[in-house]
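A structural walkthrough
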Amino acid sequence: MAGSGPDVFLCGVDNSKSNDFLFRFPQQAMKRRMFLPLDNYIAKAQFIDWDNMVPALTEAGKNEEGQLLLPLTWTLPLTFFRPGGVSVEPNQTATFSDMLEDDTLRLASFHQFYEHNEYAHLTLTACAPFGNLADYDTETLSFTQDQLLSVYRHFAAQYAAFEAGEYDTSAPCWQDALKPYYIPSVGPGVETYYDQDFREGHFRGFSPLDDTAMAPVYSLDGGYYAAITSFAAVNINTKRPDDAFFVLDLLLGRDYQQGDLFELVHRYYGMPPYGDMMQESTPLAGNWYLSQANFKEYEKLRDNLKGARFGCVLDQSLTELYYDVAVLKEPLEETVAEAYRVMAMELAES
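Residues numbered from 1 in each chain as written. Predicted model: local features only at pLDDT ≥ 70, side-chain atom pairs only at ≥ 80, totals over all residues. Heavy atoms only, no water.

With that settled, the discussion passes to the overall build of the chain. Of regular secondary structure, the chain possesses 13 helices and eleven strands. Counting only contacts in the chain whose residues sit at least 6 apart along the sequence, the fraction spanning at least 24 positions is 79%. (Helix = DSSP H or I, 4+ residues; strand = E, 2+ residues; numbered from the N terminus. Contact = heavy atoms within 4.5 Å.)

Between helix α6 (residues 145–163) and helix α13 (residues 332–349), the shortest axis-to-axis distance is 10 Å and the interhelical angle comes to 135°. With respect to α13, the axis of α6 lies oblique. Here α6 and α13 pass one another in a crossing that is right-handed. Listed contacts from α13 to Gln145, Leu148, Leu149, Tyr152 and Arg153 of α6 are Leu332, Glu333, Val336, Ala337, Tyr340 and Met343. Of the residues in the contact of α6 with α13, the class split is eight nonpolar, one polar and two charged. (Axes fitted to C-alpha atoms, helices over the stretch in contact; angles between N-to-C directions. Parallel < 35°, antiparallel > 145°, perpendicular 65-115°, else oblique. Left-handed = near helix turned anticlockwise from the far one by under 90°. Nonpolar A, V, L, I, M, F, W, Y, C, P; charged D, E, K, R; others polar.)

Now for helix α12 (residues 313–327). The first and last C-alpha atoms of α12 sit 21 Å apart over 15 residues, in line with the 21 Å expected at 1.5 Å per residue. The buried fraction of α12 amounts to eleven of the 15 residues, a majority that puts the element mostly inside the structure. Turning to α12, its buried residues are Val313, Leu314, Asp315, Gln316, Ser317, Leu318, Thr319, Leu321, Tyr322, Val325 and Ala326. Lys329 sits one or two residues past α12 and shows a positive phi near 60°. (Expected span 1.5 Å × (residues − 1). Buried < 20%, exposed > 50% of the residue type's maximum accessible area, 1.4 Å probe, protein only.)

With that settled, the discussion passes to the nonpolar core. If you look at the biggest cluster of nonpolar residues, it comprises 100 residues, and the most contacted ones within it are Phe35, Trp74, Leu148, Tyr152 and Leu318. A total of eight residues in this core trace back to one element, the largest contributor, which is α6. Dropping the residues within four chain positions of it, Leu148 is found in contact with Phe130, Phe143, Leu318, Leu321, Val336, Tyr340 and Met343. (Core = buried A, V, L, I, M, F, W, Y, C linked by side-chain atoms within 4.5 Å.)

What follows covers the pattern of salt bridges. In the structure shown here, the tally under the stated rule is 18 salt bridges. A salt bridge links Glu346 to Arg24; the shortest N-O distance between them is 2.9 Å. Highlighted residues: Glu346 in helix α13 and Arg24 in the loop between β1 (8–12) and α1 (26–29), separated in sequence by 322 residues. A residue is classified by how much of its surface remains accessible, and Glu346, at 22% relative accessible area, is partly exposed. Overall, the relative accessible area of 39% leaves Arg24 in the partly exposed class. Linking Asp49 and Arg254 is a salt bridge whose minimum nitrogen-to-oxygen distance equals 2.9 Å. (Salt bridge = Lys/Arg side-chain N within 4 Å of Asp/Glu carboxyl O.)

By volume, the second largest pocket amounts to about 250 Å³. Lining the second largest pocket are 14 residues, and of these Gln27, Lys31, Ala60, Lys62 and Tyr136 lie nearest its centre. Where the lining of the second largest pocket is concerned, the elements lending two or more residues are α3 (55–60), β2 (62–63) and β6 (134–135). Along the lines of polarity and charge, the residues of the lining of the second largest pocket split into five nonpolar, three polar and six charged. (1 Å grid on protein atoms, 1.4 Å probe; cavity = no way out; pocket = protein on both sides within 12 Å on 5 of 7 lines; lining within 4 Å. Points joined across faces, edges and corners; volume = space filled by probe spheres on them.)

Moving on: the confidence of the model for the chain. For the chain, the mean per-residue pLDDT works out to 86, and 85% of the residues sit at or above 70. Segment residues 198–202 is flagged for pLDDT under 50; beyond a separation of four residues in sequence, or across chains, it makes eleven contacts in the model. (pLDDT = per-residue confidence, 0-100.)

This paragraph deals with the packing of aromatic side chains. With the rule as written, the count across this model stands at 19 aromatic pairs. A centroid spacing of 5.3 Å and a plane angle of 80° characterise the contact between Phe231 and Phe310, whose relative ring orientation is edge-to-face. Taken together, the residues Phe231 in strand β10 (residues 225–234) and Phe310 in strand β11 (residues 307–310) connect sequence positions 79 residues apart. A relative accessible area of 2% means that Phe231 is categorised as buried. Taking the relative accessible area as the measure of exposure, Phe310 reaches 1% and is therefore buried. Taken together, the aromatic side chains of Phe96, Phe130, Phe143, Tyr152, Phe155, Tyr322 and Tyr340 make up a single cluster linked through ring pairs. The ring of Tyr274 has Arg254 lying over it, and the distance from NZ or CZ to the ring centre is 5.0 Å. (Phe/Tyr/Trp six-rings, centres within 6.5 Å; stacked < 30°, edge-to-face > 60°. Lys NZ or Arg CZ within 6 Å of the ring centre and 35° of its normal.)

Time to look at unusual backbone geometry. The phi angle at Met278 is positive, at roughly 85°, despite the residue not being glycine. For Met278, the location among the structural elements is in the loop between α10 (263–269) and α11 (292–303). On the accessibility criterion, Met278 (0% relative accessible area) is buried. Here the phi dihedral of Lys329 falls at roughly 60°; this positive angle occurs in a residue that is not glycine. For Lys329, the location among the structural elements is in the loop between α12 and α13.

Contact pair α12 / α13: the axes reach a minimum separation of 11 Å and the direction vectors enclose 170°. For the element pair α12 / α13, the angle class is roughly antiparallel. In this structure, α12 uses Val313, Leu314, Ser317, Leu318, Leu321, Asp324 and Val325 to contact α13, whose residues at the interface are Leu332, Thr335, Val336, Ala339, Met343 and Glu346. Class assignment of the residues belonging to the contact of α12 with α13 gives a composition of nine nonpolar, two polar and two charged.

Right under this line is the structure:
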């Protein structure tokens, strides 16, 4: 400890109901002079390879003061299909409404709740149609109550149809949050985390060695956004800024990001911030990398990000709302109206 508070902030976003957020709205906290601008330190970094970090991620941690937050991991909701099974390539203009008009993408427009489906995918899908979620200049939600009602009416209706057996559960697709070790198609001889699950058939006919096409969830305004699930910053009150930044420099260095230390971090929180990692020449945890075909799919996904946002308490609220209206079948209009009121109040009062 030095000055007022810790020297370094290392924050992860866990959307369980019991989670207490250190920064309930990280992008709002950036406006309150809590974090040390890091541009001069980054320019002299020993380990950070800044030029190869995904631009959408670094841009999200920047404001008029400079670079304040550094992304450690990121993710987004995906539905995996066989190659050629997706009619729309990842792009920055397709909208959530476009997904509903496409027979294939409609499967990716809601969380299916099938066996072994990833909880993080539910959270990300619940939030994805609303882009950045909030306008932090005006401290208001970036979507209206009517838009929230429309999207969640879709979620409830699609889940009811899925529950009633109207979707073919043997279809060659499955859902997950984008994370290393969970993507089926990997390099020759490299095991994926789900090998046992593939053998037992939980992922509906996929093999760990299958190539895949990746479909994100698009926003109402067009394009899709990364969710930054963990990040680092230096306290503006630290009395040891050089030492504090050295910790961040080390953690974001390529050796650490590709090493065993970060294996569990990547499994839990998502992708590394470097766009070129996960190839045979840049494996994670010693030997994990994607097949060439899947890396090309990942490149399309990465390069067409419209932007990125930091996880916040709104993720938690929208996840609970999804579960309430789709699974518990709470009255739709009343439940959505109350959730919208509470989220707007939390943002305004934070």
